[in-house]
Amino acid sequence: MLRAIYPGSFDPVTNGHLDVIRRSSKMVDELIVGVLNNNAKMPLFSVEERVKMLKEVTKDIPNVRIYPFDGLLIDFAAKMEAGVVIRGLRAITDFEYELQMSQTNHKLNPDVETIFLTTSIEYSYLSSTTVKEIASYGGDITQFVPEAIVGKLEQKMKEKRRV
């Protein structure tokens, strides 16, 4: 059985993330979407909220599982018995960082391979940071995130403005 991990913070999940999830799920028997709980960052959504949102938008993909994790990705891969890490690339700047991480992970555990998927052209500019910025100004985010996420993100931004 070929099991892969697609890790990220998914704060929030975008159509670009969902595209990589759909495409990579066709390449493996089981795809684990690992939702990073990174205490160094200040996410808009809690890890529990991000897991719940991802479960909602991937419920139609039978071989996808969603799990939170913290610590090293390579340790999470070992725990999940995954031999492959999937990473999405939008631009050459992504590649430099991802290559460095891939080589470091390979040094830590040579049994785990990294596969890079280039994003579909319609999502090559898209990031969670961009989506959050648009939403913070009340912009239309419907073309950037799954329909189920739009209201959640708009509500979160309203709450943030009140604080």
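As shown above, the structure is provided for reference.
What comes next is a walk through the structure. (Residues numbered from 1 in each chain as written. Predicted model: local features only at pLDDT ≥ 70, side-chain atom pairs only at ≥ 80, totals over all residues. Heavy atoms only, no water.)

### Comments concerning the overall build of the protein chain
Turning to step 1, where the next piece is worked out: Within the protein chain one finds 6 helices and 5 strands.
Turning to step 2, where the next piece is worked out: Along the protein chain, helices (α) and strands (β) appear in the sequence β-α-β-α-β-α-β-α-β-α-α when read from the amino end.
Turning to step 3, where the next piece is worked out: Seen along its three principal axes, the alpha-carbon backbone of the protein chain occupies a region of about 50 × 30 × 30 Å.
Turning to step 4, where the next piece is worked out: Relative to its full complement of 163 residues, the protein chain shows a buried share of 47%.
Turning to step 5, where the next piece is worked out: In the protein chain, of all internal contacts separated by at least 6 residues, the share reaching a separation of at least 24 is 77%. (Helix = DSSP H or I, 4+ residues; strand = E, 2+ residues; numbered from the N terminus. Buried < 20%, exposed > 50% of the residue type's maximum accessible area, 1.4 Å probe, protein only. Contact = heavy atoms within 4.5 Å.)

### Side note on helix H2 (residues 47-57)
Turning to step 1, where the next piece is worked out: Regarding H2, the residues found buried are Val47, Arg50, Val51, Met53, Leu54 and Val57. Projected down its long axis, H2 shows its buried positions confined to an angular sector of 165°, all on one face. Of the residues in H2, the exposed ones pointing more than 90 degrees away from the buried face are Glu48 and Lys52. (Arc of directions from axis to C-beta.)

### A closer look at the pairing of strand E5 (residues 113-118)
Turning to step 1, where the next piece is worked out: Looking at chain direction, strand E4 (residues 84-89) and E5 are connected through 6 bridges and run parallel. Considered in E5, the bridge of Val84 is made with Glu113.
Turning to step 2, where the next piece is worked out: In the classification by handedness, the crossover that spans E4, the intervening helix H4 (residues 92-108) and the parallel E5 is right-handed. (Pairing = 2+ DSSP bridges. Right-handed = clockwise from strand over helix to strand, strands pointing away.)

### Points about the nonpolar core
Turning to step 1, where the next piece is worked out: With 35 residues, the main nonpolar core has Ile21, Leu31, Val33, Leu54, Ile86, Ile141 and Leu153 as its most contacted residues.
Turning to step 2, where the next piece is worked out: In terms of residues, this core owes the most to one element, H2, which gives 5 residues.
Turning to step 3, where the next piece is worked out: Every residue in contact with Ile86, bar those within four places of it in the chain, is listed here: Ala4, Ile5, Tyr6, Pro7, Val20, Ser24, Met27, Leu31, Ile115 and Leu117.
Turning to step 4, where the next piece is worked out: Phe69, Leu73, Val85 and Val112 belong to the second-largest nonpolar core, a separate cluster that totals 11 residues. (Core = buried A, V, L, I, M, F, W, Y, C linked by side-chain atoms within 4.5 Å.)

### A look at the environment of Arg65
Turning to step 1, where the next piece is worked out: Checked against the element boundaries, Arg65 lands in strand E3 (residues 64-69).
Turning to step 2, where the next piece is worked out: Looking at Arg65, the relative accessible area reads 34%, which means it is partly exposed.
Turning to step 3, where the next piece is worked out: A C-alpha to C-alpha distance of 7.7 Å links Arg65 and Lys55, two positions 10 residues apart in sequence.
Turning to step 4, where the next piece is worked out: If near-sequence neighbours (up to four positions away) are discounted, Arg65 is found in contact with Glu30, Leu31, Ile32 and Val33.
Turning to step 5, where the next piece is worked out: Of note is the side chain of Arg65, whose polar atom sits 2.8 Å from the backbone oxygen of Pro62. (Polar contact = N/O pair within 3.5 Å; in protein donor to acceptor, adjacent residues only side chain to side chain.)

### Some remarks on the sheet that holds E5
Turning to step 1, where the next piece is worked out: Spatial strand order, E3-E2-E1-E4-E5: 5 strands in an open sheet with parallel pairing. Edge positions in the open sheet fall to E3 and E5, since each of these has one partner strand only. Direction aside, neighbouring strands of the sheet carry axes that sit 30° apart on average.
Turning to step 2, where the next piece is worked out: Its contacts with the sheet put H4 on E4 and E5, and the angle it makes with E5 is roughly 165°. (Axes fitted to C-alpha atoms, helices over the stretch in contact; angles between N-to-C directions.)

### Here we look at the side chain of Asn63
Turning to step 1, where the next piece is worked out: With respect to the secondary-structure elements, Asn63 resides in the loop between H2 and E3.
Turning to step 2, where the next piece is worked out: With residues near it in sequence (within four places) discarded, Asn63 still touches Ser25, Val28, Asp29, Glu30 and Leu31.

### Structural notes on the packing of aromatic side chains
Any two aromatic rings considered together are summarised by their centre-to-centre distance and by the angle between their planes.
Turning to step 1, where the next piece is worked out: Summed over all chains, the structure comprises 4 aromatic pairs.
Turning to step 2, where the next piece is worked out: With a centroid separation of 5.4 Å and an interplanar angle of 70°, the aromatic rings of Tyr6 and Phe10 are classed as edge-to-face. Per residue, the accessibility class of Tyr6 equals that of Phe10, and both read buried.
Turning to step 3, where the next piece is worked out: Geometrically, the ring pair formed by Tyr125 and Phe144 is edge-to-face, given 6.3 Å between the ring centres and 80° between the ring planes. Here Tyr125 is found in the loop between E5 and helix H5 (128-136), whereas its partner Phe144 is found in the loop between H5 and helix H6 (147-162), with 19 residues between them in sequence.
Turning to step 4, where the next piece is worked out: According to the relative accessible area criterion, Phe144 is buried, its value standing at 10%. (Phe/Tyr/Trp six-rings, centres within 6.5 Å; stacked < 30°, edge-to-face > 60°.)

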